[in-house]
Amino acid sequence: MDAFPKLIADALHHEWGSTLSSRKIVSRITNANERAVKNWFEARNGPSGENLLS
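Notes on the structure in this doc start here. Everything quoted here is computed from the prediction, not taken from an experiment. (Residues numbered from 1 in each chain as written. Predicted model: local features only at pLDDT ≥ 70, side-chain atom pairs only at ≥ 80, totals over all residues. Heavy atoms only, no water.)

Comments concerning helix α1 (residues 3-16)
Helix length check: α1, at 14 residues, gives a terminal C-alpha distance of 20 Å against a target of 20 Å (1.5 Å per residue), a fit within 8%. Three or more residues of α1 are buried, namely P5, I8, A9 and L12. Take α1 and look down its axis: the buried residues cluster within an arc of 100 degrees, on one side only. Residues of α1 that are exposed and point over 90 degrees away from its buried face: A3, L7 and H14. Here the buried face of α1 lies against α2 (20-30), α3 (34-41) and α4 (49-53). At the exit of α1 stands G17, carrying a positive phi of roughly 85 degrees. (Helix = DSSP H or I, 4+ residues; strand = E, 2+ residues; numbered from the N terminus. Expected span 1.5 Å × (residues − 1). Buried < 20%, exposed > 50% of the residue type's maximum accessible area, 1.4 Å probe, protein only. Arc of directions from axis to C-beta. Contact = heavy atoms within 4.5 Å.)

Digging into unusual backbone geometry
Here the phi dihedral of N31 falls at roughly 55 degrees; this positive angle occurs in a residue that is not glycine. By secondary structure assignment, the location of N31 is in the loop between α2 and α3.

Put into structure tokens, the structure is as follows:
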């Protein structure tokens, strides 16, 4: 597993928790697809630079 997605997932869980509503909130804030945000929370991949800055 790459370190970047794991770090992002850990930060998201720390800041937002692990609920479905937290994923929806992050999706709205970053204007990212909910499926992409789910993958971030599950450390499957990390956000793009643009989404990361959001």
